[in-house]
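Structure at a glance
One-letter residues, chain by chain:
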Amino acid sequence: MNMRAPPSDLPIMFSNVGIVAGAVTVLDSISLTLDRGAPTILIGPNGSGKTTLLRAAMGLIPVSRGRITWGGQQHTPPTRRAILFQRPVMLRRSAAGNIRYALASAGVPRAERAARCHDLIAMVGLEGLERRPARRLSGGEQQRLALARALARDPAVLFLDEPGASLDPAATKAIEDLIRHIAARGVKVLMATHDLGQAKRLAGDVVLLHRGRVIEHGVNAEFFANPRTPVTRKFIAGELLV
């Protein structure tokens, strides 16, 4: 499976981006560059703008000011981007049926779908569960199936919104191992998480958001060992940000 970012997709650049919903500023003056390499992890309290930033980077919501470009282009279709939401909806089909539907939606030729489905099932560790109704899978199995569906698009960039939320430690480890595998194959991962331990384990670089602003952005080890702002120091110490 080819999962390498073509020049047309990366970098994704936020230039002074603001998003306003009614009277609420959800994102405020975001300037950020997402390029090839290890996963970029978004952290921050609830309501800090993490999910909105992911949706904007995917191209799902318009910006109120500033601009987002993909490989230098401002209005490119999101054909090589995929997003996995915190609570993915399972279709009323088998696990394999969910993947075949995703492959068809991605325009994969019918003759290639069976082999691609087999490869994706194997990649996410769901062998033997192909015929099981997707809605009867465990929470961790459903998240892995949702990852397989996202990968059916052969994305260059994969956006993940709290993929380990509400999972037990074993299921969380399985998801994290998959994320490492996906990133190692050349897919750029941008992931939001509330779990600082998960951020430390997975991140190449870390972005802290608070009240819709980027408070700090840095390389993983440096970010946690030598935070540059008082807000970052409070957050990684476990204090509440209000």
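Residues numbered from 1 in each chain as written. Predicted model: local features only at pLDDT ≥ 70, side-chain atom pairs only at ≥ 80, totals over all residues. Heavy atoms only, no water.

Turning our attention to the overall build of the protein chain. Along the protein chain, the regular secondary structure elements total eight helices and nine strands. With the principal axes as the frame, the protein chain shows a C-alpha extent of 55 × 40 × 35 Å. Within the protein chain, the fraction of its 242 residues that count as buried is 51%. In the protein chain, once contacts between residues fewer than 6 apart in sequence are set aside, the share between residues at least 24 apart is 68%. (Helix = DSSP H or I, 4+ residues; strand = E, 2+ residues; numbered from the N terminus. Buried < 20%, exposed > 50% of the residue type's maximum accessible area, 1.4 Å probe, protein only. Contact = heavy atoms within 4.5 Å.)

Right, let's talk about the nonpolar core for a bit. Membership of the largest hydrophobic core comes to 49 residues, with the highest contact counts inside it found for I43, I99, L145, L147, L158 and L160. Look past the residues within four positions of L147 in its chain and what remains in contact with it is L84, L158, L160, I175, L178 and I182. If you look at the next biggest cluster of nonpolar residues, it comprises 25 residues, including I83, V157, F159 and L190. (Core = buried A, V, L, I, M, F, W, Y, C linked by side-chain atoms within 4.5 Å.)

Both strand 1 (residues 12–21) and strand 2 (residues 24–34) contribute to a ladder of seven bridges, which runs antiparallel. Along strand 2, the bridge assignment pairs M13 with T33. In this structure, the hairpin formed by strand 1 and strand 2 is closed by a connection of two residues, where G22 is found at a positive phi of approximately 65°. Direction of pairing for strand 1 relative to strand 4 (residues 65–70): antiparallel, over a ladder of five bridges. Paired with G18 across the two strands is R65, which belongs to strand 4. (Pairing = 2+ DSSP bridges.)

Applying the stated criterion across every chain yields a total of eight salt bridges. E176 is the salt-bridge partner of R180, the closest N and O atoms lying 3.8 Å from each other. In this pair, R180 and E176 both sit in helix 5 (residues 169–184), four residues apart, roughly one turn of the helix. For E176, a relative accessible area of 3% corresponds to the buried category. Residue R180 pairs with D177 through a salt bridge whose shortest N-O separation is 3.0 Å. With a gap of three residues between them, R180 and D177 both fall in helix 5, about one helical turn apart. The partly exposed category is assigned to D177, whose relative accessible area is 35%. (Salt bridge = Lys/Arg side-chain N within 4 Å of Asp/Glu carboxyl O.)

We now examine the side chain of D161. Structurally, the position occupied by D161 is in strand 6 (residues 157–161). R55 provides the closest opposite charge to the buried, salt-bridge-free D161, at an N-O distance of 6.0 Å. (Lys, Arg positive; Asp, Glu negative; His and termini not counted.)

The mixed open sheet is built from six strands, whose spatial order is 5-6-7-3-8-9. Among the strands making up the open sheet, the edge pair consists of strand 5 (81–84) and strand 9 (213–219). Adjacent strand axes in the sheet meet at a mean angle of 15° when their direction is disregarded. Bridge analysis of strand 3 (residues 40–43) against strand 7 (residues 188–192) gives three bridges, and the strand direction is parallel. Looking across to strand 7, one finds that T40 is bridged to L190. Docked against the sheet, helix 5 engages strand 6 and strand 7, running at close to 150° with respect to strand 7. (Axes fitted to C-alpha atoms, helices over the stretch in contact; angles between N-to-C directions.)

So, about the confidence of the model for the protein chain. Looking at the protein chain as a whole, its pLDDT mean stands at 93, while 97% of the residues score no less than 70. Long-range and interchain partners of residues 1–7, a stretch whose pLDDT sits below 50, account for 28 contacts in this model, where long-range means more than four residues apart. (pLDDT = per-residue confidence, 0-100.)

Moving on to the environment of I41. Take I41: it is sitting in strand 3. A C-alpha to C-alpha distance of 9.9 Å links I41 and H194, two positions 153 residues apart in sequence. Contact partners of I41, with chain neighbours within four places excluded, come to M191, T193, A199, L202, A203, D205, V206 and V207.

Reading across from one edge, 2-1-4 is the order of the three strands in this open sheet, with antiparallel pairing throughout. Only two strands of the sheet have a single neighbouring strand rather than two, namely strand 2 and strand 4. Adjacent strand axes in the sheet meet at a mean angle of 20° when their direction is disregarded.

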